[in-house]
Structure formats: structure tokens, C-alpha cells
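Notes for the structure review
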Amino acid sequence: MANDATIRDILCRRVWDSRGRPTVEAELVLADGARGRAIAPAGASRGKREAIELRDHDAAFGGQGVSKALAAIRDEIRPALLGLRADDQAIIDARVIELDGTPQKARLGGNALIAVSMAAAHAAATSAGLPLWRYLAQGKPVQLPMPMVQLFGGGAHAGNRIDLQDFLVIPLGAHSFDEAMAMVAEVYRAGGALMSELGLLAGVADEGGWWPAFSSNEEALDRAVQAIERAKFRPGVDVGIAIDVAASQFYDNGRYRLATDREELSTEALVDRLAEWCGRYPIVSIEDPVAEDDDEGMRLITARVGDRVQIIGDDYLVTSAARVNAAAATGACNAALIKPNQVGTLTETRAAFDAARAVNWKTVISARSGESEDVTIVHLAVGWQADQLKVGSFARSERMAKWNEGIRIEEALGAQTQFAGRRAVGGLRKL
Ligand code: PGA
Ligand code: ZN
């Protein structure tokens, strides 16, 4: 039967993520034979308000097993969804949210829910005979996002070798996604060559960025500028620097402990430090500049540099439409990181995305530090016309699978291609 998107079966299996840990893959089978599958990613520096991953917490795999999450799909989610239509995403997601019945998806697991939710979108797109990005666009214009790419890893992704989590580059001068990738490749290569010459080359961190064998957080910024220059780009003009401070990771009891710099800072002092770095380095974007509960710090930094620097909430917003609206009301950020597994369903992910759009914020669709070959987020970014895409560094195939998918989509769009370009980065023009 052609184009019958009725869900006939839901399969699930244990697969493995980029850290070699178990994760959940879900696969939907529709009445017309169409199938769609998706793999749940996993964070390491998670916000405390995120959807909770259901893990086995037994002796196997360091407690990271997913047999409970798979059982949740088989025994509860599957029977609840059979007979619904895969293209009724809102109905599917509402049904599983209700079935779970907890505020943070703790019972069935955010990992089980997001794998099923994304698999439904894939199956529906296949049934409709469309690539996922085009299916998601629903006839509206699409756009290739501006990439934000990690150069050096840090924080929880690099054994806390340095405090800040991500030092990234944004190829501001690129005119296409393809050109953006080529620019990033040169900067990444230059960064590796520089580390090698300095005797600091020691492999890569969780997301593929160069291992941060630096003596201070500032040295990472200096080296990032040098890598951009070595690749023959103008820092801040052709290629800007972004940082993900992930400050919750080194916050304790009102103080920020920068272990690498042997310093302990108050909120005000950390905001001063970040503002000073914005003056001295070509920083165009800062993510989670202060801890997830430091509302005052978020307001302070946004008031201070938000007219020229993009301030992104990640752990601070946890892809929650309600938290986006609250933050907009107090001026706590000017851009939202959007991670589907942070909230657990595509419908809620879209709601957070739309909330950010409605208050004129920039949107950054993001991967997690634990990833796989799954490329769903690239399709979300294109189909929803997101401003930026953050999937980690420019190495390791769980990252490259996503960048390469962007290249294929750009090619498929041909003459209709729209690339987000530098205007997609907040703060560079008055918001
Ligand atoms: P996580 O980190 O996936 O480990 O939470 C990514 C980020 O903070 O952006
Ligand atoms: Zn982050």
C-alpha cells in the first residue's frame, strides 16, 4: 500500500556511541513498508534540568547499559504508538510524554523517547518520498546553517585538562557551507601543526578537538588566534572565535574555580574576565558563560557584551520553551542552543526553537559529546532554517558524518541554496 504512514512496528536495539558506550537505536516500520531509524546521543556536561537518560546502573559497562531503556520502548512505547501515524509527530510525542508521566522523562528515559521521536520523523519522510530536511520544511524555504566547529576540546570532554570546555571557530567569511567546511579544515590543520611544533600535540578530546595541553585558558585563546592566522585568515573578520565556557562544571557554592589558572572568581569577576577577553580576542560567541543557576550572571554578561557578542544558553535553557521565554523576559541570553535529547521529543525541541525565534534570538542546533553516525540534527538545522550548527570538531566520523551530510544537502539544493552566512551569528549586528 503506497503512502500509508501507519506505524506497524517499532524495533529497538543496543548500539554504541563515539565513547564506546551503549546507546539506544529505534526503528519504525510503517504500513507502506517505509522505515526510519535514529540513535540517541549522550552528553557529558549535562544540565540538571535536562531529560534524564535511563541507564541500567548495574555492573556492566560502568552502569551505562541501556536494557531498561530498550525495555521501555518494547513494553510500553511500542504498544502505545502502534496504529498511530508516523507523520502525526505532535500526537506521537504527546502520547509518550503522557505515558512517561514525569517532569524529566525519568521513567521511560529521554534516551528512549528521543530515539523513537526522531525515528518517527525519518519514517514519515521516507513514506512521503522526501529527504528529511525537505519533509521538515513543509514547503517553507530552507537554509544551510553557519557551522561552529571545535578547535580545542576542554572541560569534561578532556579530563578537565583546562577549565573551559570548547574553543571553536566560526568561518564568518564563508559564502557557502562547502566553503565554510574548507575554511575550517585549514584552521583545524593549522591548529594541529602549531600544536605539533610546540610539542603539545597529544591526540584529540571527546569531540575531536585537539587535546588542550595548555598552561592556561588564555593560552588556548592565543593558540586559536595563531591557528586562524597560520591558515591565512583574518581573526574576527574571516574566522571568529566562539567559546563554550560550560561554567556549571567549575562552579561551586557561589565561586568559579579555574583550576588551570589557579584562580577562584565571583560571578562579577568571571563576567569581567569574559568581557575583557571579548575586548582582547576575536570572540564572537560565548555559551554558558556562567553556571546554570546564575541568573544574575547571565543578565550581567548579556547586558555587558550582548550587543556585539552572541550569548548562548545551553545548560541554562535545556531546550525548554518555558526557559527560553523566561530568559528572554530578563535579558539573560540572546541565542539558544537546541539539543533534541535535552528535552526528549522533537515536538518540544521545535517548541523551544520557535520560542527562540519568536524573541529574535539566534538558534544553534547542537550535537552532544557522545554521538554516532546519526545525522538527524543536520536535517533539523536545514529544514527549520536554523542559524548555526554545532556538532563538535573536524575529526572523528561521528562529527564528519554530520558535516558531510550538510555538503550533500547543499549540493541537492543546487541553485536554490541559501547559506546562513555571517548574519546568522548574533551580536555581530545590533540585535
Ligand atoms: P555535552 O556537551 O554534550 O557533554 O553536554 C556539549 C555542550 O556543552 O555543548
Ligand atoms: Zn554547551
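The structure we're discussing is the one just above.
Residues numbered from 1 in each chain as written. Chains lettered and ligands numbered in written order. Predicted model: local features only at pLDDT ≥ 70, side-chain atom pairs only at ≥ 80, totals over all residues. Heavy atoms only, no water.

1. Quick notes on the overall build of the chain
Looking only at helices and strands, one finds 13 helices and 14 strands in the chain. For the chain, whose C-alpha radius of gyration is 21 Å, the value lies close to the compact-globule estimate of 22 Å for 431 residues. Seen through its C-alpha atoms, the chain measures out along the principal axes to roughly 60 × 50 × 45 Å. Counting only residues that meet the buried cut, the chain has 62% of its 431 residues in that class. Excluding contacts between residues fewer than 6 apart, the proportion of contacts in the chain whose partners are at least 24 apart in sequence is 71%. When the accessible area of the chain is evaluated, it comes to approximately 15600 Å², of which 49% is carbon and sulfur surface. Charged side chains of the chain number 49 positive and 58 negative; the gap between the two group centres comes to 1 Å. (Helix = DSSP H or I, 4+ residues; strand = E, 2+ residues; numbered from the N terminus. Rg over C-alpha atoms; globule rule 2.2 N^0.38 Å. Buried < 20%, exposed > 50% of the residue type's maximum accessible area, 1.4 Å probe, protein only. Contact = heavy atoms within 4.5 Å. Areas by Shrake-Rupley, 256 points an atom, 1.4 Å probe, with all protein chains shown as cover. Lys, Arg positive; Asp, Glu negative; His and termini not counted. Charge placed at Lys NZ, Arg CZ, Asp CG, Glu CD.)

2. So, the site of ligand 1
Ligand 1 sits among 14 residues. The nearest are Ala44, His157, Gln165, Arg368 and Ser369. Residue histidine 157 places a side-chain N or O atom 2.7 Å away from an oxygen atom belonging to ligand 1. The contact in question runs from an oxygen atom of ligand 1 to an N or O atom on the side chain of lysine 390, over 2.8 Å. Protein coverage of the free-state accessible area of ligand 1, which is 280 Å², stands at 99%. Split into classes, the residues belonging to the shell around ligand 1 amount to two nonpolar, five polar and seven charged. If you count residues domain by domain, the shell around ligand 1 takes at least three from each of domain 1 (7-129) and domain 2 (146-430). (Near = heavy atom within 4 Å. Polar contact = N/O pair within 3.5 Å; in protein donor to acceptor, adjacent residues only side chain to side chain. Nonpolar A, V, L, I, M, F, W, Y, C, P; charged D, E, K, R; others polar. Domains from an automatic or database assignment.)

3. Some remarks on the packing of helix α2 (residues 89-100) against helix α3 (residues 110-127)
Where α2 meets α3, the closest approach of the two axes is 10 Å, and the angle between their N-to-C directions is 165 degrees. When the axis of α2 is compared with that of α3, the two are roughly antiparallel. For the pair α2 and α3, the crossing hand works out as right-handed. Here α2 contributes Gln89, Ile92, Asp93 and Val96 to the contact with α3, which in turn contributes Leu113, Ser117, Ala120 and Ala121. Looking at the contact of α2 with α3 residue by residue, the classes come out as five nonpolar, two polar and one charged. (Axes fitted to C-alpha atoms, helices over the stretch in contact; angles between N-to-C directions. Parallel < 35°, antiparallel > 145°, perpendicular 65-115°, else oblique. Left-handed = near helix turned anticlockwise from the far one by under 90°.)

4. Structural notes on the coordination of the zinc ion (ligand 2)
In a perfect tetrahedron of four donors around a metal, the angles come out at 109.5 degrees. In a perfect octahedron of six, they are 90 or 180 degrees. Protein-derived ligands of the zinc ion (ligand 2) are Asp244 (OD), Glu287 (OE) and Asp314 (OD), with the metal-ligand distances lying across 2.1 to 2.2 Å. Donor residues for the zinc ion (ligand 2) sit on one chain with the sequence pattern D-x42-E-x26-D. Taken as a pair, glutamate 287 in strand β10 (residues 283-287) and aspartate 314 in the loop between β11 (310-313) and α9 (321-330) lie far apart in primary sequence, 27 residues in all. A relative accessible area of 1% places glutamate 287 in the buried class. Judged by its relative accessible area of 2%, aspartate 314 falls in the buried class. (Donors = N, O, S within 2.8 Å, 3.2 Å for Na, K, Ca; no water.)

5. Focus: the pattern of salt bridges
For the coordinates displayed, the defined rule picks out 37 salt bridges. For glutamate 398, the salt bridge goes to arginine 396, with nearest N and O atoms at 2.8 Å. Judged by relative accessible area, which is 9%, glutamate 398 ranks as buried. Here arginine 396 falls in the partly exposed class, since its relative accessible area comes to 28%. The network of salt bridges with shared partners includes Arg13, Glu25, Glu27, Arg35 and Arg37. (Salt bridge = Lys/Arg side-chain N within 4 Å of Asp/Glu carboxyl O.)

6. Focus on the sheet that holds strand β2 (residues 22-30)
Strand order in the open sheet made by the three strands is β1-β2-β3, with antiparallel pairing throughout. In this open sheet, the two strands that pair with only one neighbour each are β1 (7-16) and β3 (35-39). Between one strand axis and the next, the sheet turns by 15 degrees as a mean value, whatever way the strands run. Pairing of β1 with β2 involves nine bridges; the strand directions are antiparallel. Note on β2: the bridge partner recorded for leucine 11 is glutamate 27. (Pairing = 2+ DSSP bridges.)

7. Quick notes on the environment of valine 271
With respect to the element layout, valine 271 can be found in helix α7 (residues 267-280). Taking the C-alpha atoms as reference points, valine 271 and aspartate 315, separated by 44 residues in sequence, lie 17 Å from one another. The contacts of valine 271, once residues within four sequence positions are left out, are Val290, Gly297, Leu300, Ile301 and Arg304.

8. Focus on the layout of surface pockets
Here the largest pocket defines a volume of roughly 390 Å³. It is helix α11 (residues 346-358) that provides the largest number of residues to the lining of the largest pocket, a total of four residues. A breakdown of the residues in the lining of the largest pocket according to their chemical character gives eight nonpolar, five polar and four charged. When residues of the lining of the largest pocket are assigned to domains, at least three fall in each of domain 1 (7-129) and domain 2 (146-430). (1 Å grid on protein atoms, 1.4 Å probe; cavity = no way out; pocket = protein on both sides within 12 Å on 5 of 7 lines; lining within 4 Å. Points joined across faces, edges and corners; volume = space filled by probe spheres on them.)

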